[in-house]
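Each chain, letter by letter, is given below.
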Amino acid sequence: MRKRFSSNFITRHIQFYFSIYCFIMILFVMGIIFGAVIVNNLSAVQKEDLFYYLNHFFGQVADGKIGEAEELLKISFFHNVKFVGLMWVLGISIIGFPLILILLFLKGVTIGFSVGFLVHQMGWNGLLLAFATLLPQNLFIIPVYIFIGAMSIAFSIKLIRKIFIRQGFSYQIVPEFARYFMSYIAVIAVITVAASIEAYAAPVLMKSILASFNG
């Protein structure tokens, strides 16, 4: 019964915000493609410099010198909490939803550039490394970004409409804000899972893959 209720709730939620989700996902994919294209436009010197630092990082990973897992957990957790928090605040600012779209696009660019650079420099090994080290946590993080982005844009649009209608504004906005606030609390729980994967699982996967390359 509970599973059916959750399934129906998710279905209704997606149907209600379908157009926003579609627009955000298209924008995010465009960011990924743009990030991958940027790699091809880098000069040879820039590629060599980036690959040098990447090799240095891989060497530290292989030697187990990337820091304690607890520290990585904190860095990943607070980075993502601040990022989605910024989108959440922009949703309250009424006219902040264009900036939300820019942030989502830039996040897509970052992912596309990271994967594109690894593949460009290391071929299939780079693709394997990207899937093993970037995919696990991003399976949680990317849906979180898309969800909070959709909620922020939707809330911003609702605020604009209520301001122009000006009928029972303070009364109507309280339950909307409560749901909006709870959406941020919910994504923090998911971010905790993603940060844990990035801190504990990703370094182990990366180290094992690098060892197989050297072997």
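Preceding this paragraph is the structure being described.
About the cut-offs
Residues numbered from 1 in each chain as written. Predicted model: local features only at pLDDT ≥ 70, side-chain atom pairs only at ≥ 80, totals over all residues. Heavy atoms only, no water. Helix = DSSP H or I, 4+ residues; strand = E, 2+ residues; numbered from the N terminus. Contact = heavy atoms within 4.5 Å. Core = buried A, V, L, I, M, F, W, Y, C linked by side-chain atoms within 4.5 Å. Buried < 20%, exposed > 50% of the residue type's maximum accessible area, 1.4 Å probe, protein only. Patch = residues over 30% accessible without salt bridge, like charges linked within 9 Å, V, L, I, M, F, W, Y side chains within 5 Å. Areas by Shrake-Rupley, 256 points an atom, 1.4 Å probe, with all protein chains shown as cover. Salt bridge = Lys/Arg side-chain N within 4 Å of Asp/Glu carboxyl O. Axes fitted to C-alpha atoms, helices over the stretch in contact; angles between N-to-C directions. Parallel < 35°, antiparallel > 145°, perpendicular 65-115°, else oblique. Left-handed = near helix turned anticlockwise from the far one by under 90°. Nonpolar A, V, L, I, M, F, W, Y, C, P; charged D, E, K, R; others polar. Phe/Tyr/Trp six-rings, centres within 6.5 Å; stacked < 30°, edge-to-face > 60°. Lys NZ or Arg CZ within 6 Å of the ring centre and 35° of its normal. Expected span 1.5 Å × (residues − 1).

(A) Expanded view of the environment of Ile-197. Looking at the secondary structure, you find Ile-197 in helix H8 (residues 169-214). Remark: the alpha-carbon pair of Ile-197 and Pro-136, spanning 61 residues in sequence, is separated by 7.0 Å. Those residues in contact with Ile-197 that sit more than four places away from it in its chain are Pro-136, Gln-137, Phe-140 and Ala-202.

(B) Representation of the nonpolar core within the structure. Core analysis: the biggest nonpolar cluster contains 32 residues, and Ile-20, Ile-24, Val-84, Met-87 and Tyr-145 have the highest contact counts within it. At the level of secondary structure, the elements contributing two or more residues to this core comprise helix H2 (18-41), helix H4 (69-92), helix H5 (97-122), helix H7 (135-165) and H8. Looking at which element gives the most residues to this core, the answer is H7, with 11 residues. Those residues in contact with Ile-24, other than ones at most four positions away along the chain, are Leu-101, Leu-104, Ile-146, Gly-149, Ala-150 and Ile-153. Counting 10 residues, the second largest nonpolar core, distinct from the first, contains Val-39, Leu-54, Leu-129 and Ala-130.

(C) A nonpolar patch on the surface, seen in detail. A cluster of nonpolar side chains, namely Ile-92, Phe-177, Phe-181, Met-182 and Ile-185, defines an oily patch on the protein surface of about 420 Å² accessible area. Considering each element in turn, the nonpolar patch owes the most residues, 4 residues, to H8. Overall, Ile-185 belongs to the partly exposed group, its relative accessible area being 38%.

(D) The arrangement of the packing of H5 against helix H6 (residues 124-133) in detail. At a closest axis distance of 6 Å, the pairing of H5 and H6 adopts a crossing angle of 150°. In terms of axis orientation, H5 runs roughly antiparallel to H6. Facing H5, whose interface residues are Val-115, Leu-118, Val-119 and Met-122, H6 presents Trp-124, Asn-125, Gly-126, Leu-127, Leu-129 and Ala-130.

(E) Summary view of the packing of H2 against H5. Two numbers describe how H2 lies on H5: the axes approach to 6 Å, and their chain directions differ by 40°. In terms of axis orientation, H2 runs oblique to H5. Crossing of H2 over H5 shows right-handed handedness. Grouping the constituent residues of the contact of H2 with H5 by class yields 17 nonpolar, 7 polar and 1 charged.

(F) Representation of the packing of aromatic side chains. One pass over the structure, following the stated rule, counts 10 aromatic pairs. Ring plane angle 35° and centroid distance 5.8 Å describe the contact between Trp-88 and Tyr-184, whose orientation is recorded as tilted. Of the two residues, Trp-88 sits in helix H4 while Tyr-184 sits in helix H8, which places them 96 residues apart along the sequence. One cation-aromatic arrangement involves Lys-107 over Phe-83; the distance from NZ or CZ to the ring centre is 4.5 Å.

(G) Representation of H4. Between the first and last C-alpha of H4 there are 35 Å, a value that for 24 residues agrees with the 34 Å anticipated at 1.5 Å per step. Looking at H4, one finds that the buried residues are Ala-69, Ser-76, Asn-80, Val-81, Phe-83, Val-84, Gly-85, Met-87, Trp-88, Leu-90 and Gly-91. Immediately beyond the C-terminal end of H4, within one or two residues, lies Ile-94, with a positive phi of roughly 70°.

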